[in-house]
Amino acid sequence: MDYQFKDIEQKWQLFWAENQTFKAEDNSTKPKYYVLDMFPYPSGAGLHVGHPLGYIASDIFARYKRLKGFNVLHPMGYDSFGLPAEQYAIQTGQHPALTTEANIATYRRQLDQIGFSFDWSREVRTSSPGYYKWTQWIFMQLFNSWYNKTADKAEGIDKLIAHFEQNGSAGINAVSDEEVLSFSADEWKALSHDEQQAELLKYRITYLRESTVNWCPALGTVLANDEVKDGFSERGGYPVEQKKMMQWSMRITAYAQRLLEGLDKIDWPEPLKEMQRNWIGKSVGASVRFPIDKSAHNAQLAIDYIEVFTTRVDTIFGVTLLVIAPEHELVASLTTPEQKGAIDAYIAQTKKKSELDRMADTKTVSGAFTGSYVLNPLNNEKVPIWIADYVLAGYGTGAVMAVPSGDQRDYLFAKHFDLPIVPIMDIQNIEIEADPTKDGLYINSDFINGLTYKEATAAVIAKLEELGAGKAKVNFRMRDAIFGRQRYWGEPVPVYFKDGLPYLIDESDLPLVLPEVDKYLPTESGEPPLGRATDWKYKGISEYELSTMPGWAGSSWYWYRYMDANNDKEFASEAAVKYWKDVDLYIGGSEHATGHLLYSRFWNKFLKDIGVVFEEEPFKKLINQGMIQGRSNFVYRLVKTDKFVSKNIFKNLLEYASLIKKGQVIQLFEDDINYDKLYNDNVYNEDDKTYFNYNGELLIQNLHVDVNIVTNDILDIQKFKKWRPEFTNSEFILEDGKYICGVEVEKMSKSKFNVVNPDDIIERYGADTLRMYEMFLGPLEQSKPWNTNGIEGVFKFLRKFWRLFHNDQWQFSVSGAEPSKAELKSLHKIIRKVEEDIDRFSFNTSVSSFMIAVNELTDLKSSNKAILQDMVVILSPYAPHICEELWTLLGNAAGTLSYAAYPKFNPSYLVEDEFAYPISINGKTKMNLNISLSLAPAEIEAFVLANADVQKYLDGKAPKKVIVVKGRIVNMVV
Ligand code: ANZ
């Protein structure tokens, strides 16, 4: 029978599902291997051919590892909370759960069709209560923990309370809010319950605190920095303002150093690690306290100093102003009545800018003077306090000692406002940031004059410490992560309120199920949608938290759930976590570099600290698959006509257009163009349908056309006319009888009509062809356009492979004879090649090697059973359906080849590939030696040196140098 991919693929997909072929064992004597894909958000559009790229690669790897004797965990699930379903709910009233359910069904159907070897018995959905029960449980553990810096790990809040009861706050070295109280044990005990709880909140790893957020009133939610562009929401373009709100946050900063160090121990792409390093942003510097000059209006101020963070404490003698963020808590108290107008106006102006804009804008100089001063702790000089938006409230201390002679921004600021600039270095041009490591020695204070950068830094820190005015400090750019959205479709936070303070609900009340609401919009009073739920109170009395968890909650631990997906007693059993440990291979997009991948590492470390998981890092090896871009096709319409010109004619027209500009005569479309008019000024004439305007520019519209009605860039005219009603009467100006479309590579998107649905490819060629073709497109990590031009070739290859097992009448027929040397050589070449390729994740190169091997075997007219059976196993990770079918036809016991043994490479079959290497000693060829071409240079060297004749020439001496040019010559110098 000819290659009937449809029947074969359906048959095996059914077989795998019915037999749970890919169910991983939880207890196995085999070594474990965990292959994970980033699980998808099930969007309404379904999968396009770009989505499965990474899944195909990981599936090949998973199947390969099974053949190699591993117990493979290869699960799949859905990150199913998220905005699109909620937006749809707002528009249509359809419950997001229903939309999500329908989308998941589409995804599942599409995934099944591609023949993935997922263990579906472990499927997870972040939006199902059985799953988010454990997301809520983890939240509770975070709430019940604090970070002990001395132990460098999270510990139970009970331990902190016990310490407070015995010793008060003394001896606690914690990651906490800035303002924590100092108290004795007795003082602690004297605090009221509420006061104690408020204090503990400053230590909990997840905590409620007032923070500045990007608030979008129109969308009724807080937006992340990357969702805001130029002060407007990216979606919808609504104004966004900075607002202080009570928000749940996660103290990820406690883990900054461990997150940084862990990067050195994992096998991830270097650029990705670098992004995380930058995001974490470790800076080594000092904190310095500048005493506030209280002679003026603020004599009553309770706070005595402003603390700054600086990485250049050595420049302290060049400080001529202190700049604090407009949001700094002291602004109001520091502002003198005379300056109030200017300060208020400036604050109003900065509210419109997002933090990202503020960081990005290095040119605009703006700010206002508060009217107050601080004193430089080292020389007592009076330094004015300004506010400016280049200082960010959330970084360091939100205050900067500005050194116009040392820092470019400070310099621009001082210039703009005509403030003094005191040089710190003996350099000519202070417009260039002073770099003491290059520019040499200090000049403006006896204290450090003549010292080098290192010496000056150490001296200043020592002096500040002595004065109690500062100390060395490491700062991280990373902030605590906001953990809440004012939206409906997310995990409810398992918290209720009593007297304004948050408390966890009882663990036995988990999961806290998302309540029903009448509308998915904020309430009239501006509360999140959960505020609409009627009778939704804890134990019937207490208000619940109304915000829901952010998108990253459910995805920050999901790989553990797969280890024990159906456990309703624990998030995963200890035995399962101990067995599966961590993810050996994780494949997914690089867009998650600083989101998902950082949060996951954070939660993983926390879960390890509390003893429920055992590895410090969750994902040992990670690969970012490239994006499959769309390959868009275009048609060219002459404006205001139904005429479409083929691509090269359009290009000619462009050339002619430039000729007209130059006033040259043209000859084109004799019938269509009135030349006389072209030369008049008023060439553009609607009624005449002339195609050029006054400037000689073409009036041609460039329209995207659905790539599914274009084959090899040739438009199917009949289909085009039917594609949209407005094209029914189209006319075409063809070239060589065809309409050729233009091409451009763009993002794959519905609006560009360049989306290719895997369903269509599978319908035409089958899943095995799709799988191999996606790999064939190029290296996995690279982005590349989808281009169906080569897909026929891959399909033909599979048919040719099938053909090897069949005679001319398409009857299955293989021979049981001894394989020939040539056959064995072909086979073992490919065994080795594919093994090497897969181990390097180079899937595209394997595909071409398969093609070569099948051509070789076809040329050899091979139908040898032993050879072909091994071929089937090697190819099966790539094209599993056809291989399963052939495996059965070859007479193997009923069942799957998924757990067959991977053929063993035997180098001896390749030895006849020899080359007669000239052996040259001191420039003279002494003899030729036959050596296998498969040997590496070092092996060739060893082989040559061991040869008795060579030994004779060397006369017992070791050569000084041996140069092996593989496949050419061996040179020795003695
Ligand atoms: C004095 C100085 C002199 C500085 C000099 C630099 C050069 P990184 O490396 O990113 O940590 N800074 C501190 N807090 C800030 C804030 N909240 N917003 C904006 N800028 C802030 O940068 C630390 C440096 O950035 C600090 O060192 C401070 O300026 C500024 F010749 O202090 B420097």
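Draft legend 1. The packing of aromatic side chains, seen in detail. Inspection of the entire model under this criterion finds 74 aromatic pairs. Aromatic pair Y538 and Y544: ring centres 5.8 Å apart, planes at 55 degrees, arrangement tilted. Residues Y538 and Y544 agree in their burial class; the two are buried. Three or more aromatic residues joined by ring pairs form one cluster here, namely F39, Y131, W134, W137, W557, Y558, W559, Y560, Y562, F571, Y586 and F619. One Lys or Arg, K243, reaches over the ring of W215 and ends 4.4 Å from the middle of that ring. A cation sits over an aromatic face here: R251 above Y207, 3.9 Å from the ring centre.

Draft legend 2. Main features of the sheet that holds strand β10 (residues 241-250). In space, the four strands of this open sheet follow the order β7-β6-β10-β18, with antiparallel pairing throughout. Edge positions in the sheet fall to β7 (221-223) and β18 (481-482), since each has one partner strand and no second. Bridging between β10 and β18 involves two bridges; their strand directions are antiparallel. Looking at β18, one finds that S249 is bridged to I482.

Draft legend 3. Expanded view of the pairing of strand β24 (residues 619-624). Burial runs high along β24: five of the six residues are buried. Inspection of the sheet shows strand β23 (residues 583-588) paired to β24 by five bridges, in the parallel sense. Of the residues in β24, the one forming a bridge with G588 is N624. At this point the chain moves from β23, through helix α20 (residues 596-609), to the parallel β24, and the crossover so formed is right-handed.

Draft legend 4. The arrangement of helix α6 (residues 157-167) in detail. For α6, every residue scored as buried is listed here: I157, L160 and F164. Seen along its axis, α6 keeps its buried residues to an arc of 55 degrees; they face one direction. Facing away from the buried surface of α6 by more than 90 degrees, the exposed residues are D158, K159 and Q166. For α6, the elements touching its buried residues are β3 (145-148), β4 (153-156), α7 (185-190) and α8 (193-201).

Draft legend 5. Inspection of the site of the ligand at higher detail. Taken together, 18 residues sit near the ligand, with S283, T310, L392, Y395 and R477 positioned nearest. Side-chain polar atom of S283 to an oxygen atom of the ligand: 2.4 Å apart, as the coordinates give it. At 2.7 Å, a side-chain N or O of T310 approaches an oxygen atom of the ligand. Alone, the ligand offers 650 Å² of accessible surface; in the complex the protein occludes 88% of this. Only β12 (305-310) and β16 (399-402) provide two or more residues apiece to the shell around the ligand. The class makeup of the residues in the shell around the ligand is eight nonpolar, six polar and four charged.

Draft legend 6. Region of interest: the packing of helix α29 (residues 865-875) against helix α30 (residues 880-889). Two elements in contact, α29 and α30, have axes whose closest approach is 9 Å; the angle formed by their N-to-C orientations is 155 degrees. Compared by their axis directions, α29 and α30 come out roughly antiparallel. When you trace α29 past α30, the crossing you get is left-handed. The segment α29 lies against α30, with Q869, V872, V873 and L875 engaging C883, L886 and W887.

Draft legend 7. Region of interest: α8. Burial in α8 covers these residues: Q196, Q197, E199, L200 and L201. Residues of α8 that are buried in the fold lie against α5 (129-143), α6, α7, β6 (206-216) and β20 (501-504).

Draft legend 8. Quick peek at the sheet that holds strand β36 (residues 969-973). Here we have four strands laid out as an open sheet, ordered β34-β33-β36-β35, and mixed in their pairing. Looking at which strands have only one partner, the edges of the open sheet turn out to be β34 (924-932) and β35 (961-965). The sheet shows a mean angle of 20 degrees between the axes of neighbouring strands, direction not considered. In this fold helix α31 (residues 937-946) packs onto β33 (914-921), β34, β35 and β36, with an angle of close to 115 degrees to the strand it touches most, β34.

Draft legend 9. View of the packing of helix α25 (residues 767-776) against helix α26 (residues 791-804). As a packed pair, α25 and α26 sit with axes 9 Å apart at the nearest point and diverge in direction by 125 degrees. Compared by their axis directions, α25 and α26 come out oblique. Helix-helix and strand crossings are classified by hand; for α25 and α26 the assignment is right-handed. From α25, D768, T769, M772, Y773 and F776 reach across to α26, where they touch I791, V794, F795, F797 and L798.

Draft legend 10. Up close: the confidence of the model for the chain. In the predicted model, the chain carries a mean pLDDT of 90, and 93% of its residues have values of at least 70. Segment residues 662-696 is flagged for pLDDT under 50; beyond a separation of four residues in sequence, or across chains, it makes 66 contacts in the model.

Draft legend 11. Representation of the side chain of T336 within the structure. For T336, the location among the structural elements is in the loop between α11 (331-334) and α12 (340-350). Classification of T336 by relative accessible area gives buried; the value is 6%. When sequence neighbours within four positions are dropped, the list of residues in contact with T336 reads H297, T370, G371 and S372.

Draft legend 12. Structural detail: unusual backbone geometry. With an omega of -5 degrees, the peptide bond running from L510 to P511 counts as cis. In the Ramachandran plot, D713 falls in the positive-phi region, its phi being about 70 degrees despite a non-glycine side chain. Following the sequence through the fold, D713 ends up in the loop between β28 (710-711) and β29 (714-715).

Draft legend 13. How the structure looks around the pairing of β3. Side-chain alternation along β3 places S145 and Y147 on one buried face and W146 and N148 on a second face that is also buried. In this sheet, β4 lies alongside β3 in antiparallel orientation, the contact comprising four bridges. Looking at β4, one finds that Y147 is bridged to A154. Counting the residues in the hairpin turn of β3 and β4 gives four residues, including D152, whose phi is positive at 55 degrees. Taken together, the two bridges between β3 and strand β5 (residues 174-175) define a ladder with antiparallel strand orientation. Bridging across to β5, Y147 finds its partner in V175.

Draft legend 14. Main features of the side chain of S632. In this fold, S632 is placed in strand β25 (residues 628-638). In this structure S632 comes out as buried when scored by relative accessible area, which is 0%. A polar side-chain atom of S632 sits 3.1 Å from a polar atom in the side chain of N754. Ignoring anything within four residues of it in the chain, the contact list for S632 reads H704, V707, G742, V743, E744, E746, K752 and N754.

Draft legend 15. Spotlight on the environment of S920. Relative to the helices and strands, S920 is located in strand β33. For S920, a relative accessible area of 2% gives the class buried. Between the C-alpha atoms of S920 and Y902, which are 18 residues apart in sequence, the distance is 42 Å. Setting aside chain neighbours within four positions, we find S920 in contact with T925, K926, I969, V970, N971 and M972. In this structure the side chain of S920 is engaged in a polar contact, spanning 2.6 Å, whose partner is the side chain of N971.

Draft legend 16. Region of interest: the nonpolar core. Counting 180 residues, the largest nonpolar core has W603, M772, W786, F801, F843, L875 and Y878 as its most contacted members. When sequence neighbours within four positions are dropped, the list of residues in contact with F843 reads A57, I60, F61, M775, L780, I838 and Y878. One finds V319, V323, V383 and V400 within the second-largest nonpolar core, a separate group that totals 49 residues.

Scoring rules and cut-offs
- Residues numbered from 1 in each chain as written.
- Predicted model: local features only at pLDDT ≥ 70, side-chain atom pairs only at ≥ 80, totals over all residues.
- Heavy atoms only, no water.
- Phe/Tyr/Trp six-rings, centres within 6.5 Å; stacked < 30°, edge-to-face > 60°.
- Buried < 20%, exposed > 50% of the residue type's maximum accessible area, 1.4 Å probe, protein only.
- Lys NZ or Arg CZ within 6 Å of the ring centre and 35° of its normal.
- Pairing = 2+ DSSP bridges.
- Helix = DSSP H or I, 4+ residues; strand = E, 2+ residues; numbered from the N terminus.
- Right-handed = clockwise from strand over helix to strand, strands pointing away.
- Arc of directions from axis to C-beta.
- Contact = heavy atoms within 4.5 Å.
- Near = heavy atom within 4 Å.
- Polar contact = N/O pair within 3.5 Å; in protein donor to acceptor, adjacent residues only side chain to side chain.
- Areas by Shrake-Rupley, 256 points an atom, 1.4 Å probe, with all protein chains shown as cover.
- Nonpolar A, V, L, I, M, F, W, Y, C, P; charged D, E, K, R; others polar.
- Axes fitted to C-alpha atoms, helices over the stretch in contact; angles between N-to-C directions.
- Parallel < 35°, antiparallel > 145°, perpendicular 65-115°, else oblique.
- Left-handed = near helix turned anticlockwise from the far one by under 90°.
- pLDDT = per-residue confidence, 0-100.
- Core = buried A, V, L, I, M, F, W, Y, C linked by side-chain atoms within 4.5 Å.

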